[in-house]
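Secondary and tertiary structure notes
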Amino acid sequence: MQEFSSSRSPFLRATLVAGSLFAVFASLSAGSAGAQTSLPAQSRYQPAANMANPWQWASFPVENFRGYSSGFGYRQSPMGGPSQEFHYGLDIAAPEGSYIRNWWQGEVVEIINDARCGVGLAIQSGDWEHIYCHMKGSVESHRGTLYLVDRSGGLQIRKGQVVAAGTRIGRVGMSGRTNGPHLHWGLKYGGQWVDPAVILRAMYDSQRQRSLPSSW
Ligand SMILES: [Zn+2]
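Residues numbered from 1 in each chain as written. Predicted model: local features only at pLDDT ≥ 70, side-chain atom pairs only at ≥ 80, totals over all residues. Heavy atoms only, no water.

All right, on to the coordination of the zinc ion then. Six octahedral donors around a metal ideally subtend angles of 90 or 180 degrees, whereas four tetrahedral donors ideally subtend 109.5 degrees. Listed as protein donors to the zinc ion are His 87 (NE2), Asp 91 (OD) and His 184 (ND1); their distances from the metal cover 2.0 to 2.1 Å. As a motif over one chain, the donors of the zinc ion read H-x3-D-x92-H. With a gap of 93 residues between them, Asp 91 in strand 4 (residues 90-93) and His 184 in strand 14 (residues 182-189) connect regions that are remote in the sequence. The two residues Asp 91 and His 184 agree in class, both being buried. (Donors = N, O, S within 2.8 Å, 3.2 Å for Na, K, Ca; no water. Helix = DSSP H or I, 4+ residues; strand = E, 2+ residues; numbered from the N terminus. Buried < 20%, exposed > 50% of the residue type's maximum accessible area, 1.4 Å probe, protein only.)

Below, the structure written as structure tokens:
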């Protein structure tokens, strides 16, 4: 948790982001984002509680958490060399094969398969987009629809599928540009990259007020 307190500015951003989520949640509650019918049942029955504690339905994105191996921001290239690069996400180390869980209910808008991210997913939840990289499995096309298929993990995720928070959506692998098993987790709000560690901190603070889920 050290990187959460490494500088003051993330907390300022956390305030902004948390404030923004109130707006997002309000729009979801009003049904204007079209997602009301698939919200968790509890949130349909307790909208007031949700507004007071907007992060309680968020899921930590990986099982078997082992630590944060690389934070959001400038860093040396992990592949060596003198160059600096901006790391648009948080690397969460976990043993290869650990299940990845969907952070927030949303729609799978992209099945990724490229040299950098490897096999991955992008999920849209209102104004938020969450990206998962270096997963196990392969990308396959059936009748014009893309799927992430991880047969030994028992998973098949379809582009366009709506997935609930906490759903297992893949497993930690070594695909793409990585030198060790971890989940690269990226977050965007309104098209702008956000430091995922700030969000995890807000989730932790929010969920600590209630009983802690086992994933913490
Ligand atoms: Zn990364």
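That covers the picture; the talk isn't over yet.
Looking now at the packing of aromatic side chains. Scanning the model with the defined rule gives 13 aromatic pairs in all. Residues Trp 55 and Trp 104 carry aromatic rings whose centres are separated by 6.2 Å and whose planes lie at 85° to one another, so their mutual orientation is edge-to-face. One end of the pair, Trp 55, is in the loop between helix 3 (47-52) and strand 1 (67-70); the other, Trp 104, is in the loop between strand 5 (99-101) and strand 6 (106-114), and 49 residues separate them in sequence. In terms of burial, Trp 55 and Trp 104 fall into one category: buried. The interplanar angle of 90° and the centroid separation of 5.2 Å between the aromatic rings of Phe 72 and Phe 86 together place this pair among those described as edge-to-face. Placement of the pair is Phe 72 in the loop between strand 1 and strand 2 (73-76) and Phe 86 in strand 3 (residues 84-87), with a sequence separation of 14 residues. By relative accessible area, which is 24% here, Phe 86 ends up partly exposed. Counting every residue linked through ring pairs, the aromatic cluster contains Trp 55, Trp 103, Trp 104, Trp 128, Trp 185 and Tyr 189. Above the ring of Tyr 99, the side-chain terminus of Arg 168 is found at 3.9 Å from the ring centroid. (Phe/Tyr/Trp six-rings, centres within 6.5 Å; stacked < 30°, edge-to-face > 60°. Lys NZ or Arg CZ within 6 Å of the ring centre and 35° of its normal.)

So, about the confidence of the model for the chain. Chain-level statistics for the chain give a pLDDT mean of 80 and a share of 72% at 70 or above. Every residue in residues 1-16 is under pLDDT 50, and counting partners more than four places away or in other chains gives 17 contacts. Of the regions scoring below 50 in pLDDT, residues 22-50 engages in 35 contacts with residues more than four places distant in sequence or in other chains. (pLDDT = per-residue confidence, 0-100. Contact = heavy atoms within 4.5 Å.)

This part takes up the nonpolar core. Within the largest apolar cluster, 34 residues are counted, with the highest numbers of intra-cluster contacts made by Trp 55, Trp 103, Leu 121 and Tyr 132. Of all elements in the fold, only strand 4, strand 6, strand 7 (118-125), strand 8 (128-133), strand 14 and helix 4 (196-208) reach the threshold of two or more residues within this core. Looking at this core, the element that brings in the most residues is helix 4, giving five residues. What Leu 121 contacts, discounting residues up to four positions off in sequence, is Val 108, Glu 110, Ile 111, Ile 112, His 130, Ile 131, Tyr 132, Met 135, Leu 148, Ile 157 and Ile 169. (Core = buried A, V, L, I, M, F, W, Y, C linked by side-chain atoms within 4.5 Å.)

Take the sheet that holds strand 11 (residues 155-158) next. If you trace the three strands from one edge of the open sheet to the other, you get 9-10-11, paired in antiparallel fashion. Edge positions in the open sheet fall to strand 9 (138-142) and strand 11, since each of these has one partner strand only. The average angle at which neighbouring strand axes cross in this sheet is 30°, direction not considered. Looking at chain direction, strand 9 and strand 10 (residues 145-150) are connected through five bridges and run antiparallel. Across the sheet, residue Val 139 finds its bridge partner in strand 10, namely Leu 148. (Pairing = 2+ DSSP bridges. Axes fitted to C-alpha atoms, helices over the stretch in contact; angles between N-to-C directions.)

Our focus in this paragraph is the layout of surface pockets. Roughly 530 Å³ of volume is contained in the largest pocket. Residue lining of the largest pocket: 30 residues in total, with His 87, Arg 116, Cys 133, His 134 and His 184 positioned closest to the centre. Those elements that place two or more of their residues in the lining of the largest pocket are strand 1, strand 3, strand 4, strand 6, strand 8 and strand 14. Broken down by class, the residue content of the lining of the largest pocket amounts to twelve nonpolar, nine polar and nine charged. (1 Å grid on protein atoms, 1.4 Å probe; cavity = no way out; pocket = protein on both sides within 12 Å on 5 of 7 lines; lining within 4 Å. Points joined across faces, edges and corners; volume = space filled by probe spheres on them. Nonpolar A, V, L, I, M, F, W, Y, C, P; charged D, E, K, R; others polar.)

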